[in-house]
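Observations on the model geometry
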Amino acid sequence: MLKDIEVIVFDLDGTLYEDTHHFDFYADRLCEKLAPTNKEHFYKDYQLVKENKHPLKIGTVYDANHDFILIQQNGKVLRAVNWEGEKISDNVVKELYPGELKFNLHSLFSVGDFWWVPASIARHYGLSGVSANQSFLQTREYMMSADFQMKEIPSFKDTLFSLSKRKKLVLYTNSPQKDSEVIAKKLGFLECFDYKIFEGQKPVRTEENFIKIKDHYQLPFSKMLSIGDNAINEIIPAKKLGCKTIQIDAHEIGDQAHADYVVKNIAGVVELLKKM
């Protein structure tokens, strides 16, 4: 199946590297912008999420407008709880979320990876979207600096270089071009990518950008493979179009039906790519 693939679309964060210490830096930048009375609460909740002891978890959805945490399947809300984990009545859920969820980047967050954890907590404690974005950009600046050291994944770079000689590799990320290219250069494989899309507004524009990639290479979706760690951003939309998919499920929360292949880490991706 994978041998027929001609174009491989990679996410960046959580897909091309596994480092996580930048999330604490991000949390600090968010917290410093909160009101003093909320700082302790922020760190307490952040630690609880890391220990899997909070209602907010990877795989949930945070509705910033109503301050609800949603449990969903295929875009349909199954259950909703408030910040303390208390169940919201079924009638309220049906009224607020009657159809398929329409994710966006300002009020309805798919907490599909850890970037959205400190951001959602900060929004709960009153931080504006503008201030949250400032904190994100500060974090990306840190990631471009020499202070941010990244661990190399054994044989990953060699595998990408080998594949790039026979396949077209695409980088598709929500992050800005400047820091994304610095990070990919730090990892040593920026030049492997034939085509790049930055600030891609996943999941809002995922399908649109995959169509753009298909048209660019004049290939059917069946010849494309999407690799990512966020099911809602990179896996479900690509699978819907007819692409093959590999999901990195480090938190072991994924529905096996969402992806053609599910692996726990990048090493699992490497083993699959070697077969190509």
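This text gives an overview of the structure that appears in the document. (Residues numbered from 1 in each chain as written. Predicted model: local features only at pLDDT ≥ 70, side-chain atom pairs only at ≥ 80, totals over all residues. Heavy atoms only, no water.)

Here we come to the overall build of the protein chain. From N to C terminus, the protein chain includes ten helices and ten strands. Viewed in the frame of its principal axes, the protein chain has a C-alpha envelope of about 55 × 45 × 30 Å. Each of the 276 residues in the protein chain was classed as buried or not, and the buried ones make up 53%. Look at the contacts in the protein chain between residues 6 or more apart in sequence, and 66% of them connect residues 24 or more apart. Carbon and sulfur atoms form 49% of the exposed surface of the protein chain, whose accessible area is close to 13,100 Å². When the 36 basic and 39 acidic side-chain charges of the protein chain are each reduced to a single mean position, those positions are 4 Å apart. (Helix = DSSP H or I, 4+ residues; strand = E, 2+ residues; numbered from the N terminus. Buried < 20%, exposed > 50% of the residue type's maximum accessible area, 1.4 Å probe, protein only. Contact = heavy atoms within 4.5 Å. Areas by Shrake-Rupley, 256 points an atom, 1.4 Å probe, with all protein chains shown as cover. Lys, Arg positive; Asp, Glu negative; His and termini not counted. Charge placed at Lys NZ, Arg CZ, Asp CG, Glu CD.)

Another point: the pattern of salt bridges. Close approach of charged atoms allows side chains of opposite charge to pair. Summed over the entire model, instances satisfying the criterion amount to 14 salt bridges. Arg140 is the salt-bridge partner of Asp179, the closest N and O atoms lying 2.7 Å from each other. Highlighted residues: Asp179 in helix H7 (residues 177-187) and Arg140 in helix H5 (residues 129-144), separated in sequence by 39 residues. Considered together, Asp179 and Arg140 belong to a single accessibility category, that of buried residues. (Salt bridge = Lys/Arg side-chain N within 4 Å of Asp/Glu carboxyl O.)

One finds Ile8 and Leu273 to be the most contacted residues of the largest nonpolar core, which totals 63 residues. With residues near it in sequence (within four places) discarded, Leu273 still touches Ile8, Phe10, Phe156, Thr159, Leu160, Leu163, Leu225 and Ile227. Membership of the second largest hydrophobic core comes to 13 residues, among which are Val7, Val9, Ile197 and Met224. (Core = buried A, V, L, I, M, F, W, Y, C linked by side-chain atoms within 4.5 Å.)

On a regular strand, each side chain points to the face opposite its neighbour's, so the side chains alternate between the two faces of the sheet. Side-chain alternation along strand S1 (residues 7-10) places Val7 and Val9 on one buried face and Ile8 and Phe10 on a second face that is also buried. Summarising the sheet, S1 and strand S6 (residues 168-172) pair through four bridges and their orientation is parallel. Directly across from Ile8, in S6, lies its bridge partner Leu169. The pairing of S1 with strand S8 (residues 224-228) spans four bridges and is classified as parallel. Counterpart to Ile8 in the pairing with S8 is Leu225. (Pairing = 2+ DSSP bridges.)

Going through the model one piece at a time under the given rule, you end up with 18 aromatic pairs. Ring plane angle 50 degrees and centroid distance 5.4 Å describe the contact between Phe23 and Phe114, whose orientation is recorded as tilted. Separated by 91 residues along the polypeptide, Phe23 in helix H1 (residues 22-31) and Phe114 in the loop between strand S5 (108-110) and helix H4 (116-124) bring together distant segments of the chain. For the pair shown, Phe23 and Phe114 are each scored as buried. (Phe/Tyr/Trp six-rings, centres within 6.5 Å; stacked < 30°, edge-to-face > 60°.)

Counted under the stated rule, the structure contains three cavities of 30 Å³ or more. There is about 50 Å³ of room inside the largest cavity. Along the walls of the largest cavity sit Leu16, Lys151, Glu152, Ile153, Phe156, Lys157, Leu187 and Phe189, which together make up its complete lining. Of the residues that constitute the lining of the largest cavity, the class distribution is five nonpolar, no polar and three charged. Put simply, the second largest cavity is a space of about 40 Å³. Every residue along the wall of the second largest cavity is listed here: Phe103, Asn104, Leu105, Leu108, Phe109, Ser110, Trp116, Lys202, Pro203 and Asn233. (1 Å grid on protein atoms, 1.4 Å probe; cavity = no way out; pocket = protein on both sides within 12 Å on 5 of 7 lines; lining within 4 Å. Points joined across faces, edges and corners; volume = space filled by probe spheres on them. Nonpolar A, V, L, I, M, F, W, Y, C, P; charged D, E, K, R; others polar.)

Our next topic: the sheet that holds S8. Pairing is parallel across the open sheet formed by six strands, whose spatial order is S7-S6-S1-S8-S9-S10. At either end of the open sheet lies a strand with only one pairing partner, and these are strand S7 (195-197) and strand S10 (261-263). Taken over all neighbouring pairs, the strand axes of this sheet differ in orientation by 15 degrees on average, direction set aside. Relative to S7, S6 runs parallel, the two being bridged by three bridges. Residue pairing across strands places Tyr172 opposite Ile197, the latter belonging to S7. (Axes fitted to C-alpha atoms, helices over the stretch in contact; angles between N-to-C directions.)

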